[in-house]
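Per-entry structural report
For reference, the chains in residue letters:
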Amino acid sequence: MSTSMRFICALLLLSLVTQGNCICSTVSDFLFSQTTTGKKIGNNVQYKMIIKNDCSCARSDIKLDCHGFSSIEKIDPAILKINGDECLLINGGILHAFESVSFTYTSDKLLQTRAIESTLACP
């Protein structure tokens, strides 16, 4: 096999190996965990929500299903902006691979949420 043909084959193999690093979907591979902080306001409990990007790719424009969600305690809109039944995480900014973001809220019930949209940025 000629040197140029070996080089072309090596480039083709390398391109196949390096592509497809990100096998995440835009709505899966998020981990949601919640714990109580021990604080209460009346009958409402304060919770800490941690959302982890469990994907090897960075994500942005992360939208969550926040149907029926309300908090007595103000949530920093730079972290979670509530707009009707949707919430925008970190102002649509980047949540890097395996990075987490957290916030606290006070409510009479746990926030039952899931990602409904995000944009993937794979290397």
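Anything mentioned here points back to the structure above.
Being a predicted model, the structure only gives us computed values, none of them experimental.

Cut-offs and rules
Residues numbered from 1 in each chain as written. Predicted model: local features only at pLDDT ≥ 70, side-chain atom pairs only at ≥ 80, totals over all residues. Heavy atoms only, no water. Phe/Tyr/Trp six-rings, centres within 6.5 Å; stacked < 30°, edge-to-face > 60°. Buried < 20%, exposed > 50% of the residue type's maximum accessible area, 1.4 Å probe, protein only. Lys NZ or Arg CZ within 6 Å of the ring centre and 35° of its normal. Pairing = 2+ DSSP bridges. Helix = DSSP H or I, 4+ residues; strand = E, 2+ residues; numbered from the N terminus. Axes fitted to C-alpha atoms, helices over the stretch in contact; angles between N-to-C directions.

1. Re the packing of aromatic side chains
Under the definition given, this model contains 4 aromatic pairs. Judged by centre distance (6.1 Å) and plane angle (45 degrees), the rings of Phe103 and Tyr105 are tilted. Like Phe103, the residue Tyr105 is buried in the burial classification. Of the aromatic side chains, those joined through ring pairs into one cluster are Tyr47, Phe69, Phe103 and Tyr105. When the ring centre of Phe30 is taken as reference, the NZ or CZ atom of Arg59 above it lies at 4.0 Å.

2. Regarding the pairing of strand E1 (residues 30–41)
Bridge analysis of E1 against strand E2 (residues 44–53) gives 9 bridges, and the strand direction is antiparallel. Residue pairing across strands places Thr36 opposite Tyr47, the latter belonging to E2. Linkage of E1 to E2, two consecutive antiparallel strands, is achieved through a turn of 2 residues, within which Gly42 is found at a positive phi near 60 degrees.

3. Some details on the sheet that holds strand E6 (residues 100–107)
On the basis of which strands lie adjacent, the open sheet formed by 3 strands has the order E1-E2-E6 and antiparallel pairing. Strands with a single pairing partner mark the edges of an open sheet, and in this sheet they are E1 and E6. Ignoring strand direction, the axes of neighbouring strands in this sheet form an average angle of 20 degrees.

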